[in-house]
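Overview (structure and organization)
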Amino acid sequence: SQSSRKEEVLLWRFKKEADITALLEHPHIIPLYEMQRPEQGEIQFTMRKVEGQTLRSLLQKKRKGELDLDETQILSIFRKVCDAIAYAHSKGVIHRDLKPDNVMVGQFGEVYVMDWGISKRLEESPEEESEIESLLTQQKAEKDDLYKTIGGMGTPGYMSPEQQENASNVTPQSDIYSLGKILRECFTLLSPMEELKQQAKKSLQAKNATKKKTTEGIPEEIEAIEKKAT
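Residues numbered from 1 in each chain as written. Predicted model: local features only at pLDDT ≥ 70, side-chain atom pairs only at ≥ 80, totals over all residues. Heavy atoms only, no water.

With that out of the way, let us pick up the overall build of the protein chain. Secondary structure assignment for the protein chain yields eight helices and seven strands. The 230 residues of the protein chain split such that 42% are buried. For the protein chain, the proportion of contacts with a sequence separation of at least 24, taken over those separated by at least 6, is 66%. (Helix = DSSP H or I, 4+ residues; strand = E, 2+ residues; numbered from the N terminus. Buried < 20%, exposed > 50% of the residue type's maximum accessible area, 1.4 Å probe, protein only. Contact = heavy atoms within 4.5 Å.)

Let's shift gears to the pairing of strand S5 (residues 103-106). Of the two faces of S5, the one carrying Val103 and Val105 and the one carrying Met104 and Gly106 are both buried. As defined by bridge partners, strand S3 (residues 52-54) adjoins S5 across three bridges and the pair is classed as antiparallel. Looking at the pairing, Gln53 lines up with Val105 of S5. Sheet topology places S5 next to strand S6 (residues 111-113); three bridges connect them, and they run antiparallel. Across the sheet, Met104 pairs through a bridge with Tyr112, a residue of S6. Hairpin connection, S5 to S6: the antiparallel pair is bridged by four residues, and Gly109 has positive phi, about 90°. (Pairing = 2+ DSSP bridges.)

Quick look at the sheet that holds S5 now. Pairing is antiparallel in the open sheet, where three strands are placed in the order S3-S5-S6. The strands lining the two open edges of the sheet, one partner per strand, are S3 and S6. Put simply, the sheet's adjacent strands are angled 25° from each other on average, direction ignored. Its contacts with the sheet place helix H2 (residues 55-63) against S3 and S5, and it is angled at close to 80° to S3. (Axes fitted to C-alpha atoms, helices over the stretch in contact; angles between N-to-C directions.)

Here we take up helix H3 (residues 71-90). With 20 residues, H3 extends 28 Å between its outermost C-alpha atoms, agreeing within 8% with the 28 Å of an ideal straight helix rising 1.5 Å per residue. Three or more residues of H3 are buried, namely Ile74, Ile77, Phe78, Val81, Ala84, Ile85, Tyr87, Ala88 and His89. Sitting at the head of H3, Asp70 places a side-chain oxygen 3.1 Å from the backbone nitrogen of Thr72. Among the residues trailing H3, Gly92 stands out with phi positive, at a value near 80°. (Expected span 1.5 Å × (residues − 1). Polar contact = N/O pair within 3.5 Å; in protein donor to acceptor, adjacent residues only side chain to side chain.)

The full count for this structure, using the stated rule, is zero disulfides. The thiol sulfur of Cys82 is not disulfide-bonded, and the nearest other cysteine sulfur, from Cys186, lies at 9.5 Å. Judged by relative accessible area, which is 24%, Cys82 ranks as partly exposed. The class for Cys186 is buried, based on a relative accessible area of 2%. (Disulfide = S-S within 2.5 Å.)

As for its position among the elements, Ile29 is in the loop between helix H1 (2-23) and strand S1 (32-36). Along the chain, Ile29 and Met104 lie 75 residues apart, while their C-alpha atoms are 9.9 Å from each other.

Right, let's get into unusual backbone geometry. A positive phi angle is found at Arg96, which is not glycine, with a value near 75°. Mapped onto the elements, Arg96 comes out in the loop between strand S4 (93-94) and S5.

A few words on helix H7 (residues 192-205). Taking 1.5 Å as the rise per residue, H7 with 14 residues should run 20 Å; its terminal C-alpha atoms sit 20 Å apart, in good agreement. Within the sequence span of H7, burial applies to Pro192, Glu194 and Glu195. Burial along H7 is one-sided: seen end-on, the buried residues are contained in an arc of 150°. Turned more than 90 degrees away from the buried face of H7 sit Leu196, Lys197, Lys201 and Leu204, all of them exposed. (Arc of directions from axis to C-beta.)

The subject of this paragraph is the confidence of the model for the protein chain. Residues with a pLDDT of 70 or more make up 80% of the protein chain, whose mean pLDDT is 83. Note that pLDDT drops below 50 for residues 211-215; the model gives that stretch two contacts with residues more than four away or on any other chain. (pLDDT = per-residue confidence, 0-100.)

Rendered as structure tokens:
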């Protein structure tokens, strides 16, 4: 039934996140303390409690003028994310769903990369995931949700082309692509999908000669890094 298949997917993601998080011991990845299944009931795992805001929330507040977050602070957060992902890659793990929603920033500067539920170990063959991935990809994002993970594929706007084509056969480059998109968003304050919508709107207004061109506000060096990453 559809409900049992959904439970199977959730259980698979839950166990996988616990297994991979237990493998990764890094200051910017939340540690797993314990995993258990009391009397073969629901699987439970205990992790460090994290209090803070997502990077998405911080960028949105900056966009609204509600938060004074300078470039140095933003780049410090981003560098910590890169450190965590570089470590994960050294352990043969690809996150596959990097986006500002999955970066938690604490009030004292702590940075954690969250949600390893659809991550992949390079040692796994595509065939090992094919059946469960087919279930995951049946879960579609809501029409108007720009930030929601689509099944086992990733999040629109942050996924590399090869990840969109085959999420089971990705490489570390796919995470690097997502990091490039996050870096760009740190300066545009717009998600990739929001930026596409804005560009489409501007193109419709391009015939109006009185319209002033708006600048992105992205330093050339940052744009060069983003272009190389993507």
